[in-house]
Structure formats: C-alpha cells, structure tokens
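Okay, here's what each chain looks like letter by letter:
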Amino acid sequence: QVHLVDSGGGLVQAGDSLRLSCVASGRTFKMGWFRQAPGKEREFVAAIYWSGGSTNYADSVKGRFTISRANAKKTVYLQMNSLKPEDTAVYYCNADLFGGRWSHYWGQGTQVTVSS
C-alpha cells in the first residue's frame with residue numbers, strides 16, 4: 001500500500017513562488033507531480049527518481065519549476081518560481097511503484113491559484 005499526502009498550495013500573485021510537498025509512505029520507484037485546471041484534463045508536470053535523482057519536466061514549466069526529493073523524509077518537493085495565471089490548478093502527486101507507469105495512488109491534491 002502507498003499513501004501520499006501533498007500540501008503547500010495557496011493563493012499568490014503572478015511572479016511569486018510556492019513550494020509543494022508530497023510525503024510518501026510505502027515503497028515507490030519514482031514520484032511525479034500532475035495538475036488539473038478547471039475544465040481540463042490532468043497533465044504531467046514533473047517527475048523524479050528516488051535513486052539517482054534524475055528528473056524530467058513538462059515543457060510548460062521547464063526553467064521555472066524544480067522537483068527535488070529528500071529520501072530520508074520520503075518527501076518530494078516542487079519548487080515553483082515565476083508563477084503565471086495559467087499555472088492555476090489543483091496539483092497532485094503520484095507514485096510509480098515499479099518503474100513502468102504511474103499508479104492509481106494519488107495525493108489528495110493542493111490548490112494553487114495565481115492571480116494576475
């Protein structure tokens with residue numbers, strides 16, 4: 001069993017920063033952040049491997065967002081800088097358990113709202 005708890009969202013102005021956190025319990029291989037804006041499908045944002053720390057990002061956030069992890073704390077972070085109104089969404093973390101595909105385990109979601 002895997003349990004994910006994400007947090008850190010809020011209401012900010014364009015250009016501000018936020019840091020999201022996701023604490024994972026259970027064994028996972030890779031962690032990711034996704035987001036879902038109103039009326040849109042959930043989309044991939046960023047991912048990181050526990051071992052080695054390799055990362056990848058959606059083109060829309062490259063250069064502005066940074067995903068990192070603290071293995072001892074089983075915590076993954078998403079540092080979001082230079083936020084834009086189009087970043088407004090509910091952000092969710094997800095776990096890849098075996099290195100194949102994203103699982104059905106999701107955090108409860110944390111709202112990020114960026115005002116212009």
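Refer to the preceding data block for the structure.
Residues numbered from 1 in each chain as written. Predicted model: local features only at pLDDT ≥ 70, side-chain atom pairs only at ≥ 80, totals over all residues. Heavy atoms only, no water.

J.: Quick question: what am I supposed to make of the pattern of salt bridges here?
T.: Two side chains bearing opposite charge may form a pair once their charged atoms approach each other closely. Taken as a whole and judged by the stated rule, the model has five salt bridges. Of the charged contacts, one joins Asp96 and Lys30 as a salt bridge, the two residues approaching to 3.9 Å between their closest N and O atoms. Of this pair, Asp96 sits in strand 9 (residues 89–96) while Lys30 sits in strand 4 (residues 30–36), and the two are 66 residues apart along the sequence. By the burial criterion, Asp96 is buried, and Lys30 matches it. The salt bridge partner of Asp87 is Arg64, with a shortest N-O separation of 2.7 Å. One end of the pair, Asp87, is in the loop between strand 8 (75–80) and strand 9; the other, Arg64, is in the loop between strand 6 (55–57) and strand 7 (65–70), and 23 residues separate them in sequence. Arg64 gets classed as buried once you look at its relative accessible area, which sits at 10%. Connected through shared salt-bridge partners, Arg35, Glu43, Arg64 and Asp87 make up one network. (Salt bridge = Lys/Arg side-chain N within 4 Å of Asp/Glu carboxyl O. Helix = DSSP H or I, 4+ residues; strand = E, 2+ residues; numbered from the N terminus. Buried < 20%, exposed > 50% of the residue type's maximum accessible area, 1.4 Å probe, protein only.)

J.: Help me understand the environment of Glu41 in this model?
T.: Mapped onto the fold, Glu41 is located in the loop between strand 4 and strand 5 (43–49). With 10 residues separating them along the chain, Glu41 and Met31 place their C-alpha atoms 19 Å apart. Residues contacting Glu41, with those up to four places away along its chain left out, are Arg35 and Gln36. (Contact = heavy atoms within 4.5 Å.)

J.: How should the environment of Asn81 be read in this particular structure?
T.: Note that Asn81 resides in the loop between strand 8 and strand 9. Each C-alpha atom of the pair Asn81 and Ala14 lies 9.5 Å from the other, and the pair is 67 residues apart in sequence. Among residues more than four places away in sequence, those in contact with Asn81 are Asp16, Ser17, Arg64 and Phe65. A distance of 2.9 Å separates polar atoms of two side chains, one belonging to Asn81 and the other to Ser17. In this structure the side chain of Asn81 is engaged in a polar contact, spanning 2.9 Å, whose partner is the side chain of Gln79. (Polar contact = N/O pair within 3.5 Å; in protein donor to acceptor, adjacent residues only side chain to side chain.)

J.: Looking at this model, I keep getting lost on the sheet that holds strand 7. Mind explaining?
T.: Sheets are built from strands paired through backbone hydrogen bonds, the pairs being either parallel or antiparallel. Here we have four strands laid out as an open sheet, ordered 1-3-8-7, and antiparallel in their pairing. Bordering the open sheet on either side are strand 1 (3–7) and strand 7, each of which pairs with just one other strand. For this sheet the average axis-to-axis angle between neighbouring strands, irrespective of direction, equals 15°. Pairing analysis gives five bridges linking strand 1 to strand 3 (residues 18–25), with the strands arranged antiparallel. Within the sheet, the bridge partner assigned to Asp6 lies in strand 3 and is Cys22. (Pairing = 2+ DSSP bridges. Axes fitted to C-alpha atoms, helices over the stretch in contact; angles between N-to-C directions.)

J.: Which parts of the structure should I look at to understand the pairing of strand 3?
T.: Regular strands place side chains that alternate from one sheet face to the opposite one. With six bridges joining them, strand 3 and strand 8 adopt antiparallel strand pairing. Following the sheet pairing, Arg19 is matched in strand 8 by Gln79.

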